[in-house]
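# Descriptive structure summary
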Amino acid sequence: MGRKYFGTDGIRGRVGQSPITPDFVMRLGFAAGSALVARDGSRPVDRPAVLIGKDTRISGYMLEAALEAGFSAAGVDVMLCGPMPTPAVAYLTRALRLQAGVVISASHNPFDDNGIKFFSAQGTKLPDAVELDIEARLEQPMLCMESARLGKARRVDDAAGRYIEFCKSTFPNDLDLRGLRIVVDSAHGAAYHVAPSVFHELGAEVVGVGDSPNGLNINQDVGATAPAALRRAVLDHAGDCGIALDGDGDRLVMVDAAGTIYDGDQLLYVIARHRARSQAVPGVAGTLMSNLGFEHALARLGIVCGRARVGDRYVLEMMKEKGWLLGGENSGHIICLDRHTTGDGIIAALQVLAALRASGETLAEACADLTLYPQLLINVRMPSGFKWEADSGIRAAVKAAEATLDGGGRVLLRPSGTEPLLRVMVEGRDASIVKAQAEAIAAAVRKAFGG
């Protein structure tokens, strides 16, 4: 059965356009709540309860109210924690023994986008079967429980403190961050009031960047998707390193004292390399976008690199299937399953810093054996439903690129799971060839639909 609303990371779109409208989101809350009530029917007295968190977009107020109304109408209690990182909602859902968690966020997208994503009681993404059940219920009329069975709502006042302590607990007890000046860029997003405290309470001197959200500036020229801001701040403040998160706090990019930027592949390598010195690391789950240099560097450590479909839910699926504890994407989603049930930018940064503190190395030294191949990703906006796979011009451009690379690189085309984009990726040893071939394929895509 195909999905109508759910993508690889929940439901996402432009605010005010279907499906990110108040009426749809209220119906979504009712549909999800009805699914919870149906699954939780064995509980004779207590109603199911969910946690709702959000990032700092101005539309979050409106969507939060709509979700709350939908859940209440379905007979589900609601706990509200306000702006909190996505992984914090996953943790708190589990810690508070709730039946589900909901995050209102469009992650790294601009402020006028928003989305809804769900977590199970175990703090993981919802199984496909549950998402399909919710979609089926969305096609049914929205009703309302009798007054005595309506859900109640209350705020969780200590949510930030709980999450800060959880993050700190993932850092080794015998280490601290004293003597380090760390620049923390929160992307004017959900982690603005928690991320600086985590690193400060572990002993670091923290310089804050992107920590003044106004509802409109989330991800705007700051954060993990715009690391130049972090680089400038690290150099301006003579920082020892910099940490950039995205709008909902599940993505990580770092910068060293020299201003060099490190992506998800490099940071995941640092964590895996450190762990391999004291324990067996049989494999690390990457994606189709993971750099060939990352795969080759892991192989030199005797670690298998698996390639899942792009999307952290698919990385997690591979990790669970193979029994691996580490995985991630080069975009900065890093999952350490022995620390958290989902990707977490703050916790990933702590694992990198723990590796550096234990070894006495810098980021550059820890990555010395990893050389990334030149890789270029071009996002081509395309009409919804465009059948790019069937276009002969696009197929010819891909074939020509593969012939030029001659086995020394890769070509990957894939549609975005959250935006109307076709992502064109070319990777190889020669940067000029990579650039030329990626641009040629992107041009063929635009030509195919007259863009």
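Residues numbered from 1 in each chain as written. Predicted model: local features only at pLDDT ≥ 70, side-chain atom pairs only at ≥ 80, totals over all residues. Heavy atoms only, no water.

### Section: the sheet that holds strand β10 (residues 252–256)
Read across the sheet, five strands follow the order β8-β7-β9-β10-β11 without closing on themselves; strand pairing throughout is mixed. Two strands bound the open sheet, and with one partner strand each, they are β8 (205–209) and β11 (261–262). Two elements, strand β9 (residues 241–245) and β10, share five bridges in a ladder whose sense is antiparallel. Of the residues in β10, the one forming a bridge with Ala244 is Val253. Where helix α11 (residues 345–359) meets the sheet, it contacts β7 (181–185), β9 and β10, and its direction lies at approximately 35° from that of β10. (Pairing = 2+ DSSP bridges. Helix = DSSP H or I, 4+ residues; strand = E, 2+ residues; numbered from the N terminus. Contact = heavy atoms within 4.5 Å. Axes fitted to C-alpha atoms, helices over the stretch in contact; angles between N-to-C directions.)

### Overview of the pattern of salt bridges
Taken as a whole and assessed by the stated rule, the structure comprises 31 salt bridges. Arg47 is the salt-bridge partner of Asp77, the closest N and O atoms lying 2.9 Å from each other. Taken together, the positions of Asp77 in strand β3 (residues 77–83) and Arg47 in the loop between α1 (22–39) and β2 (49–54) put the pair 30 residues apart, joining distant regions of the chain. (Salt bridge = Lys/Arg side-chain N within 4 Å of Asp/Glu carboxyl O.)

### Considerations on the sheet that holds strand β17 (residues 409–415)
Strand order in the open sheet made by the three strands is β16-β18-β17, with antiparallel pairing throughout. Every interior strand has two partners, whereas the edge strands, β16 (375–381) and β17, have only one. Neighbour-to-neighbour, the strand axes of this sheet turn through a mean angle of 10°, independent of strand direction. Where β17 and strand β18 (residues 421–428) come together, seven bridges link them in antiparallel fashion. Each bridged residue has a counterpart across the sheet, and for Arg410 the counterpart in β18 is Glu427.

### Regarding the packing of aromatic side chains
Following the criterion strictly, the structure yields four aromatic pairs and no others. For the pair Tyr5 and Phe24, a centre-to-centre distance of 4.8 Å together with 50° between the ring planes defines the contact as tilted. Of this pair, Tyr5 sits in the segment before β1 (11–14) while Phe24 is found in helix α1, placing the two residues 19 residues apart along the sequence. In this pair, the class of Tyr5 matches that of Phe24, namely buried. The interplanar angle of 70° and the centroid separation of 5.3 Å between the aromatic rings of Phe386 and Phe449 together place this pair among those described as edge-to-face. Here the residue Phe386 occupies a position in the loop between β16 and α13 (392–405), and Phe449 occupies one in the segment after α14 (431–448), the gap between them amounting to 63 residues. On the basis of relative accessibility, which here comes to 19%, the residue Phe386 falls in the buried class. In this structure Phe449 comes out as partly exposed when scored by relative accessible area, which is 23%. Sitting over the ring of Tyr61, Lys54 keeps its end group 4.0 Å from the ring centre. In this structure, Arg309 packs its charged tip against the face of Tyr314, placed 4.0 Å from the ring centre. (Phe/Tyr/Trp six-rings, centres within 6.5 Å; stacked < 30°, edge-to-face > 60°. Buried < 20%, exposed > 50% of the residue type's maximum accessible area, 1.4 Å probe, protein only. Lys NZ or Arg CZ within 6 Å of the ring centre and 35° of its normal.)

### Details of the pairing of strand β4 (residues 100–104)
Buried residues dominate β4, accounting for five of its five residues. Taking every second residue as pointing to the same face, both faces of β4 are buried, with Ala100, Val102 and Ile104 on one and Gly101 and Val103 on the other. Relative to β4, β2 runs parallel, the two sharing five bridges. The residue of β4 that forms the bridge with Gly53 is Val103. Judged from the five bridges that link them, β4 and strand β5 (residues 113–120) form a sheet pairing that is antiparallel. Pairing of Val103 across the sheet is with Lys117, part of β5.

### Re empty space enclosed by the protein
Summary: where empty space remains is shown by rolling a probe the size of a single water molecule over the atoms. Using the criterion set out here, one finds four cavities of 30 Å³ or more in the structure. Of the volumes computed, that of the largest cavity is approximately 70 Å³. Taken together, 13 residues form the lining of the largest cavity, with Leu36, Arg39, Ala100, Leu126 and Val130 sitting closest to its centre. When residues of the lining of the largest cavity are traced back to their parent elements, those giving at least two are α1, β5 and α4 (128–138). By residue number, the principal contributor to the lining of the largest cavity is α1, which donates four residues. (1 Å grid on protein atoms, 1.4 Å probe; cavity = no way out; pocket = protein on both sides within 12 Å on 5 of 7 lines; lining within 4 Å. Points joined across faces, edges and corners; volume = space filled by probe spheres on them.)

### Here we look at the nonpolar core
Among the nonpolar cores identified, the biggest contains 67 residues, and Phe199 and Ile346 are the most heavily contacted of them. Counting residues per element, this core draws most heavily on α11, which supplies 10 residues. (Core = buried A, V, L, I, M, F, W, Y, C linked by side-chain atoms within 4.5 Å.)

### Concerning the packing of helix α8 (residues 264–276) against helix α9 (residues 292–300)
Where α8 meets α9, the closest approach of the two axes is 10 Å, and the angle between their N-to-C directions is 10°. Classified by the angle their axes make, α8 and α9 are roughly parallel. Listed contacts from α9 to Asp265, Leu268, Tyr269 and Ala272 of α8 are Phe294, Ala297 and Leu298. Among the residues making up the contact of α8 with α9, the classes are represented as six nonpolar, no polar and one charged. (Parallel < 35°, antiparallel > 145°, perpendicular 65-115°, else oblique. Nonpolar A, V, L, I, M, F, W, Y, C, P; charged D, E, K, R; others polar.)

### Topic: unusual backbone geometry
Between Ser18 and Pro19 the backbone carries a cis peptide bond, its omega angle lying at 10°. Its place among the elements puts Pro19 in the loop between β1 and α1. Despite not being glycine, Ala238 has its phi angle at roughly 50°, a positive value. Inspection of the secondary structure assignment puts Ala238 in the loop between α7 (228–236) and β9. For Ala238, a relative accessible area of 55% corresponds to the exposed category.

### Remarks on the state of the cysteines
Following the criterion strictly, the structure yields zero disulfides and no others. With no disulfide of its own, Cys167 lies 12 Å from the sulfur of Cys336, the closest cysteine sulfur. Assessed through its relative accessible area of 0%, Cys167 is described here as buried. (Disulfide = S-S within 2.5 Å.)

### Comments concerning the environment of Gly286
Along the chain, Gly286 turns up in strand β12 (residues 283–287). The spatial distance from the C-alpha of Gly286 to the C-alpha of Ile334 is 9.5 Å, given a sequence separation of 48 residues. Beyond its immediate stretch of four places on either side in the chain, Gly286 contacts Gly306, Arg307, Ala308, Val315 and Gly328.

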